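# Examination of the molecular architecture
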Amino acid sequence: PEEIIARHASQVQLWALVAQLPEKQRLVVILHLAHDLPVAEVAQIVGANTKTVYSRLYAAYQNLRGEIERSGQLSLFEDE
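Quick look at the structure, then.

Conventions adopted
- Sequence positions are assigned chain by chain, starting from 1 and proceeding in written order.
- Note on the predicted model: pLDDT of at least 70 is required for a residue's local features to be given, and 80 or more for side-chain atom pairs to be given and counted; whole-chain, interface and lining totals, by contrast, use all residues.
- For the side-chain quantities, the full set of heavy atoms in the structure was used; hydrogens and water were omitted.
- Whenever a carboxyl oxygen of Asp or Glu lies within 4 Å of a side-chain nitrogen of Lys or Arg, that contact is scored as a salt bridge.
- Helix and strand definitions follow DSSP, with helices as H or I runs of at least four residues and strands as E runs of at least two, each counted in order from the N terminus.
- What makes a nonpolar core is a set of buried Ala, Val, Leu, Ile, Met, Phe, Trp, Tyr and Cys residues whose side-chain atoms join them at distances within 4.5 Å.
- Working definition: with a 1.4 Å probe on protein chains only, accessible area under 20% of the residue-type maximum means buried, over 50% means exposed, and in between means partly exposed.
- Contacts were defined at the residue level, with two residues in contact if any of their heavy atoms lie within 4.5 Å.

Taken as a whole, this structure holds one salt bridge when the rule is applied. The partner of Arg70 in a salt bridge is Glu67, and the shortest N-O contact between them spans 3.2 Å. Remark: Glu67 and Arg70 occur in helix H4 (residues 50-71); sequence separation between them is three residues, near one turn of the helix.

As structure tokens, this is what we get:
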């Protein structure tokens, strides 16, 4: 039970950081990760090509990683 609670808390913290991303980055992260859509489908939805979606995902991941490192919450990226 403690592990489940800790994992849930980490997920909540991570999604709180996703909510702070710029809109274009946030949208592709939510569509790709939360809704499990392939990049090609995300590209159709947002009206961009797949390279743009990959670029936005990469930028979002870099922003998230930087924010996690600054906040000292590195456990969010570690394997559980």
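Picking up after the structure, the text goes on.
If you look at the biggest cluster of nonpolar residues, it comprises 15 residues, and the most contacted ones within it are Leu21, Val29, Val42, Val53 and Leu57. For this core, the elements supplying multiple residues, two or more each, are helix H1 (2-19), helix H2 (23-34), helix H3 (39-46) and H4. Residue contributions to this core peak at five residues, all from H4. When sequence neighbours within four positions are dropped, the list of residues in contact with Val29 reads Trp15, Val18, Leu21, Ala34, Leu57, Ala60 and Tyr61.

What is shown is where atoms sit, not what they do.
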